[in-house]
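Secondary and tertiary structure notes
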Amino acid sequence: MTTKKKAPEGDLSTYACESFAHGGVVHPVYRKGNGPAVLVITEMPGISPQVLGFADRLVALGFSVALPQLFGVPGFDAVRATAPARLRTAARVLYDVCVSREFTMLATGRSSPVVDWLRALAVHEHERCGGPGVGAIGMCFTGGFALAMATEPRVLVPVLSQPSLPLGLTARQRRTIDCGPRELATVADRCARDGLRVLGLRFHGDPLVPAERFAFLRERLGDGFVAVELDQRDGHPEELLKKHHSVLTGGLVDEPGEPTHAALQQVLTLLQRKLQPARTSDEPSSA
């Protein structure tokens, strides 16, 4: 039996860290690389070796990566941790985000307050790194953050990888995303007027990212929303969850010809064409 190649892993010690403050909110930010900035906003339970491996891939392509630490223990490896350690960490992170005023988990039609801080970070990274603008990649719990961040004109590439908020407990929650109506209208206007493209990724059958959520985004953003939807059989067989969820990390089969690898390449191509126009061809974007 041939073992399928997993997502690469990175080493936190290769990243520099400093705090960024805005509006009385302070979070650590891990940085690496040179070139136009891409914010990678981690999935739960935090900045894992797999998220760092994805960030390292961006660095190798000539981007400067910023990973804000909004929750969790940086570097925690859920793949190799024991089951009790995974459960303890998940419970602690879930408790922290539930009691925090920075996150909105259940409310419909609302952006999490931390998005204001993230937009300020995007402006800061653009001023620091230069280039046409910045990319913003949200994953899982933070997937919708990248959408709300796109009200900031400097955000040229918003990527929503398995956006999981609000939790889809009701029909209304499934047919929405954690982005306020005014912000969503602003993003829709950018899509129609400026050709902004919002890239969304999910696995069919993922209970955390219902199909109704992507249908809602298609209705609101029209051709501005580009959906990449994968079958469950496309995910890596060793992903921890029973249903495949993490498109760019745990569920990735990192081999050419694999659907998840093609989805990854679509993200990378869009980032290169929007943020590195001098280094890419004039061909239409694959997104």
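Residues numbered from 1 in each chain as written. Predicted model: local features only at pLDDT ≥ 70, side-chain atom pairs only at ≥ 80, totals over all residues. Heavy atoms only, no water.

A word on the overall build of the chain. Tallying secondary structure elements over the chain gives eight helices and eight strands in all. Its C-alpha atoms give the chain a radius of gyration of 17 Å, within 12% of the compact-globule value 19 Å for 287 residues. Seen through its C-alpha atoms, the chain measures out along the principal axes to roughly 50 × 40 × 40 Å. With 287 residues in all, the chain has 54% of them scored as buried. Considering only intrachain contacts with a sequence separation of at least 6, the fraction spanning at least 24 residues in the chain is 71%. About 12300 Å² of surface is accessible on the chain, with carbon and sulfur atoms providing 53% of the total. (Helix = DSSP H or I, 4+ residues; strand = E, 2+ residues; numbered from the N terminus. Rg over C-alpha atoms; globule rule 2.2 N^0.38 Å. Buried < 20%, exposed > 50% of the residue type's maximum accessible area, 1.4 Å probe, protein only. Contact = heavy atoms within 4.5 Å. Areas by Shrake-Rupley, 256 points an atom, 1.4 Å probe, with all protein chains shown as cover.)

Within this structure, the stated rule accounts for seven aromatic pairs. Residues Phe-20 and Trp-117 carry aromatic rings whose centres are separated by 5.6 Å and whose planes lie at 65 degrees to one another, so their mutual orientation is edge-to-face. You can see Phe-20 sitting in strand β1 (residues 16-22) and its partner Trp-117 sitting in helix α3 (residues 114-129), a full 97 residues away along the chain. The exposure class assigned to Trp-117 is buried, which follows from its relative accessible area of 2%. One aromatic cluster in this structure is built from Phe-71, Phe-103, Phe-141 and Phe-145. (Phe/Tyr/Trp six-rings, centres within 6.5 Å; stacked < 30°, edge-to-face > 60°.)

Here we take up helix α6 (residues 181-194). Along its 14 residues, α6 runs 19 Å from first to last C-alpha, staying within 8% of the 20 Å computed at 1.5 Å per residue. Of all the positions in α6, only Glu-183, Leu-184, Val-187, Ala-188, Arg-190 and Cys-191 are classed as buried. Viewed along the axis of α6, the buried residues span an arc of 155 degrees, placing them on a single side of the element. Residues of α6 that are exposed and point over 90 degrees away from its buried face: Pro-181, Arg-182, Ala-192 and Arg-193. The inward-facing, buried residues of α6 abut α3, α4 (143-149), β6 (155-161), β7 (198-203) and α7 (211-221). (Expected span 1.5 Å × (residues − 1). Arc of directions from axis to C-beta.)

It is worth spelling out the nonpolar core at this point. Counting 46 residues, the largest nonpolar core has Leu-147 and Leu-221 as its most contacted members. Elements with a contribution of two residues or more to this core: β3 (37-41), α2 (83-99), α3, β5 (134-139), α4, β6, α6 and α7. Broken down by element, the residue count for this core peaks at seven residues, all from α3. Apart from residues lying up to four places away in sequence, Leu-221 is in contact with Leu-147, Leu-184, Val-187, Ala-188, Cys-191 and Val-198. Of all hydrophobic cores here, the second largest spans 35 residues; its members include Leu-201, Val-247, Val-267 and Leu-271. (Core = buried A, V, L, I, M, F, W, Y, C linked by side-chain atoms within 4.5 Å.)

What follows concerns the state of the cysteines. As enumerated under the stated definition, the model contains zero disulfides in all. Cys-191 provides the cysteine sulfur closest to Cys-179, a residue in no disulfide bond, and the two sulfurs are 11 Å apart. The class of Cys-179 is buried, set by a relative accessible area of 3%. Note on Cys-191: relative accessible area 7%, which makes it buried. (Disulfide = S-S within 2.5 Å.)

Of note, Glu-102 is situated in the loop between α2 and α3. Within the local environment of Glu-102, its side chain forms a polar contact with the side chain of His-27, the two groups lying 2.9 Å apart. (Polar contact = N/O pair within 3.5 Å; in protein donor to acceptor, adjacent residues only side chain to side chain.)

To continue, consider the pattern of salt bridges. Under the counting rule described, the total for this entry stands at 16 salt bridges. Ionic pairing is found between Glu-152 and Arg-154, a salt bridge with its closest N-O pair at 2.8 Å. Under the relative-accessibility criterion, Glu-152 is labelled buried at 12%. A relative accessible area of 31% means that Arg-154 is categorised as partly exposed. Salt-bridge contacts for Glu-219 lead to Arg-175; the nearest nitrogen and oxygen are separated by 2.8 Å. Of this pair, Glu-219 sits in helix α7 while Arg-175 sits in the loop between α5 (171-174) and α6, placing them 44 residues apart in sequence. When its relative accessible area of 52% is taken as the criterion, Glu-219 is described as exposed. Since its relative accessible area comes to 36%, Arg-175 is described here as partly exposed. Salt bridges here are not isolated pairs; linked through shared partners, they connect Glu-18, Arg-31, Glu-125 and Arg-128. (Salt bridge = Lys/Arg side-chain N within 4 Å of Asp/Glu carboxyl O.)

Along the chain, Ala-150 falls in the loop between α4 and β6. Look at Ala-150 and you get buried, because its relative accessible area is 0%. Taking the C-alpha atoms as reference, Ala-150 lies 8.3 Å from Glu-183; in sequence the two are 33 residues apart. Once you skip the residues sitting within four places of it in the chain, Ala-150 turns out to touch Val-155, Pro-158, Val-187, Arg-190 and Leu-196.

In short, the description is geometric, and any link to function would need to be established separately.
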